[in-house]
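Structure assessment
Chain by chain, the residues run as shown.
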Amino acid sequence: MRVLGIAGSPRRGGNTDRLLAEVMKGAANQGAETKTIVLSRLKIAPCQHCDACLETGRCKVKDDMQMVYGELERADRIVLASPIHFMGVTAQAKAMIDRCQALWVRKYRLKQPPLGNRQVPRKGLFISVGGTKLANLFEPALATVKSLFRVLDIAYAGELLFSGVDEKGAIAKHPDALYNAFLAGQRLVEE
Ligand SMILES: Cc1cc2nc3c(=O)[nH]c(=O)nc-3n(C[C@H](O)[C@H](O)[C@H](O)COP(=O)(O)O)c2cc1C
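Below you will find a few notes about this structure. Everything numeric here is computed off the predicted structure, so don't read it as measured data.

How each quantity is defined
Residues numbered from 1 in each chain as written. Predicted model: local features only at pLDDT ≥ 70, side-chain atom pairs only at ≥ 80, totals over all residues. Heavy atoms only, no water. Core = buried A, V, L, I, M, F, W, Y, C linked by side-chain atoms within 4.5 Å. Buried < 20%, exposed > 50% of the residue type's maximum accessible area, 1.4 Å probe, protein only. Helix = DSSP H or I, 4+ residues; strand = E, 2+ residues; numbered from the N terminus. Contact = heavy atoms within 4.5 Å. Pairing = 2+ DSSP bridges. Axes fitted to C-alpha atoms, helices over the stretch in contact; angles between N-to-C directions.

A separate point is the nonpolar core. Judged by nonpolar contacts, the single largest core of 36 residues is most densely connected at Ile6, Leu72, Ile78, Leu80, Met96, Leu148 and Leu152. When residues in this core are grouped by element, the largest group, 6 residues, is from helix H6 (residues 139–151). Setting aside anything within four residues of it in sequence, one finds leucine 148 in contact with Leu80, Met96, Ile97 and Cys100. Met24, Ala32, Phe162 and Leu188 belong to the second largest nonpolar core, which has 24 residues in total.

Here we take up the sheet that holds strand E3 (residues 77–81). Sheet architecture is open: 5 strands sit in the order E2-E1-E3-E4-E5, paired in parallel fashion. Each having just a single partner strand, strand E2 (33–38) and strand E5 (154–162) make up the two edges of the open sheet. Pairs of neighbouring strands in the sheet enclose a mean axial angle of 15 degrees, with direction left out of account. Where strand E1 (residues 2–7) meets E2, 6 bridges bridge the pair, whose relative direction is parallel. Counted as the bridge partner of glycine 5 is threonine 36 from E2.

What follows is the structure, encoded as structure tokens:
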């Protein structure tokens, strides 16, 4: 079982990073092989809508997204972590998501499995944190992430969402957030 963690925050060691690290520890504790990629350390250009992928299902832009496609293909479980930035996922996460348009093409136009053939379906978990406590704080990000998972045939395995958490590392003061993240990581590979 291979679990891919995708850190979408530009703030290293921040709240979503810490939650993601616990999820990955929980998964590793159940015997999973884990790998975390940090989007802010990668060069991923936004989709240019050049339509080159329409023929091939592959993006012609040769940047770090090419590595991410490979990691997505190899993963059995995907854990996407992004704080809320202006009511949505971060720019880093959105650039990666938009570059998955090439995989949309594979699925809906070329009628190919977006991430290659696989007997056991992939599953995905979403982690997010926002500084405010707005009632609808996570809705736009949830819509985006659920859309990504649906397009990539990744079954939605749930989410860890925390509002009112703003300062770097403040999530550690939450009574059980990190522990619940560890348990969610364990469950993700048990399911
Ligand atoms: C550019 C930017 C935009 C933000 N927009 C929102 C927002 O719309 N709503 C909100 O509740 N918090 C917002 N925040 C606060 C972050 O969601 C919050 O600080 C979160 O804990 C950061 O998580 P991280 O430590 O994983 O980066 C924003 C922060 C930044 C830097």
